[in-house]
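Coordinates in review
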Amino acid sequence: GAVVSQHPSWVICKSGTSVKIECRSLDFQATTMFWYRQFPKQSLMLMATSNEGSKATYEQGVEKDKFLINHASLTLSTLTVTSAHPEDSSFYICSADYPQLGANYGYTFGSGTRLTVV
Amino acid sequence: ELKVEQNPLFLSMQEGKNYTIYCNYSTTSDRLYWYRQDPGKSLESLFVLLSNGAVKQEGRLMASLDTKARLSTLHITAAVHDLSATYFCAVDEGGATNKLIFGTGTLLAVQP
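Described below are features of the structure shown in this document. (Residues numbered from 1 in each chain as written. Chains lettered and ligands numbered in written order. Predicted model: local features only at pLDDT ≥ 70, side-chain atom pairs only at ≥ 80, totals over all residues. Heavy atoms only, no water.)

This next bit is on the overall build of chain A. When you go through chain A residue by residue, the secondary structure sums to 0 helices and 11 strands. Listing every helix and strand of chain A by position from the N terminus yields β-β-β-β-β-β-β-β-β-β-β. For a compact globule of 118 residues, the expected C-alpha radius of gyration is about 13 Å, and chain A comes in at 14 Å, within 12% of that figure. Looking at chain A as a whole, 51% of its 118 residues are labelled buried. Counting only contacts in chain A whose residues sit at least 6 apart along the sequence, the fraction spanning at least 24 positions is 53%. In the form shown here, chain A has an accessible surface area of approximately 5,800 Å², with 54% of it arising from carbon and sulfur atoms. Charge centroids of chain A, computed over 9 positive and 9 negative side chains, lie 7 Å from each other. (Helix = DSSP H or I, 4+ residues; strand = E, 2+ residues; numbered from the N terminus. Rg over C-alpha atoms; globule rule 2.2 N^0.38 Å. Buried < 20%, exposed > 50% of the residue type's maximum accessible area, 1.4 Å probe, protein only. Contact = heavy atoms within 4.5 Å. Areas by Shrake-Rupley, 256 points an atom, 1.4 Å probe, with all protein chains shown as cover. Lys, Arg positive; Asp, Glu negative; His and termini not counted. Charge placed at Lys NZ, Arg CZ, Asp CG, Glu CD.)

In structure tokens, the structure reads:
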């Protein structure tokens, strides 16, 4: 089946530094990827939609200068949290849809990245 | 703007009992998904529901979709402890974006 590999699984960084999270589609081409964040005991909130070769579309309230998204190839999308602060600590999950395999397959999710900013 | 609500938010049930989780959404959609999330983990796909009246079953879980009522249900039959997790429904916003909007989640705790 379609697999999305997300790295790192967890990261601890100091306030003011930047962190890059990668998502790779391993056996299919992901024209579109989605980035979510999830706070403890809460639901997933969509941050942005990443399209290969074009600028990401950010959801209302998400700072595009803080959360930089790059989708330079059909198999790789990255999220960079710039100048991280403790309030950015969260669980970040990427997702890709693969309509080319048929509507029944839907979306596949990465394993998530636990970011802790100290 | 599409909104997705689930209830209950928390469900504590005994092994062997049956219960239903409800997912309501505010605007028309053709695709609804159910996911399971274990603590500290990502999402595991359970069901994809694509049409009105769709019903799917896997083990002790059965999901259904009523697009006219904008309602999906996840029914748990004879619960076992291994089903303890958080369950999310998600609705495809459709159109050009195909964004998934998630429900609030239901934390299920199955007690022995």
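Here the narrative resumes, following the displayed structure.
Once that is clear, we can look at the interface of chain A and chain B. Contacts between the two partners involve 21 residues from chain A and, on the opposite side, 20 residues from chain B. Carbon and sulfur atoms supply 55% of the area buried between chain A and chain B, which totals about 1,500 Å² over both sides. Viewed at the interface, chain B and chain A are joined by 1 salt bridge. Between A:Glu59 and B:Lys99 there is a salt bridge, with the nearest N and O atoms lying 3.0 Å from each other. Counting across the interface, chain A meets chain B through 6 residue pairs in polar contact (both at pLDDT 80 or more). Here the side of chain A that touches chain B is built from residues that sort into 9 nonpolar, 9 polar and 3 charged. (Buried area = accessible area lost by both parts, 1.4 Å probe. Salt bridge = Lys/Arg side-chain N within 4 Å of Asp/Glu carboxyl O. Polar contact = N/O pair within 3.5 Å; in protein donor to acceptor, adjacent residues only side chain to side chain. Nonpolar A, V, L, I, M, F, W, Y, C, P; charged D, E, K, R; others polar.)

All names here are of chain A. Spatially, β1-β3-β8-β7 is the arrangement adopted by the 4 strands of the open sheet, whose pairing is antiparallel. Because the sheet does not close on itself, it has two edges, and the strands there are β1 (4-7) and β7 (67-73). The average undirected angle you get between the axes of adjacent strands in this sheet is 15°. Across 5 bridges, β7 lies against strand β8 (residues 76-81) in antiparallel orientation. Each bridged residue has a counterpart across the sheet, and for Ser73 the counterpart in β8 is Leu76. (Pairing = 2+ DSSP bridges. Axes fitted to C-alpha atoms, helices over the stretch in contact; angles between N-to-C directions.)

Residues and elements named next belong to chain A. The grouping of Trp10, Ile12 and Val118 at the surface amounts to a nonpolar patch, some 370 Å² of accessible area in total. Relative to the elements of secondary structure, Val118 occurs in the segment after β11 (113-117). Residue classification places Val118 among the exposed positions, given a relative accessible area of 55%. (Patch = residues over 30% accessible without salt bridge, like charges linked within 9 Å, V, L, I, M, F, W, Y side chains within 5 Å.)

Residue and element names in this part refer to chain A. With 8 of 8 residues buried, strand β9 (residues 90-97) lies mostly within the body of the structure. Here β9 shows no split at all, with Ser90, Tyr92, Cys94 and Ala96 on one side and Phe91, Ile93, Ser95 and Asp97 on the other all buried. As paired strands, strand β4 (residues 32-38) and β9 are joined by 6 bridges and run antiparallel to one another. Bridge assignment links Phe34 to a residue of β9, and that residue is Ser95. Sheet topology note: the β9/β11 ladder contains 3 bridges and is antiparallel.

By secondary structure assignment, the location of B:Thr20 is in strand β3 (residues 19-25). Excluding residues within four positions of it along the chain, B:Thr20 makes contact with B:Pro8, B:Thr73, B:Leu74 and B:His75.

For the rest of this paragraph, the subject is unusual backbone geometry. Working note: non-glycine residues mostly have negative phi, and peptide bonds are mostly trans. At the junction of A:His7 and A:Pro8, the peptide bond is cis and its omega measures out at -5° in the coordinates. Here A:Pro8 is to be found in the loop between β1 and β2 (10-13). Here the bond from B:Asn7 into B:Pro8 is cis, since omega is 0°, no more than 30 degrees from zero. Inspection of the secondary structure puts B:Pro8 in the loop between β1 (4-7) and β2 (10-14). Of note, the phi angle at B:Arg70 is positive, near 55°, even though the residue is not glycine. Tracing the chain through its elements places B:Arg70 in the loop between β7 (61-66) and β8 (71-76). Positive phi values are uncommon outside glycine, yet B:Ala78 reaches one of about 50°. The topology assignment puts B:Ala78 in the loop between β8 and β9 (85-92). The exposure class assigned to B:Ala78 is partly exposed, which follows from its relative accessible area of 24%.

Remember that the coordinates give geometry; whether it matters functionally is a separate question.
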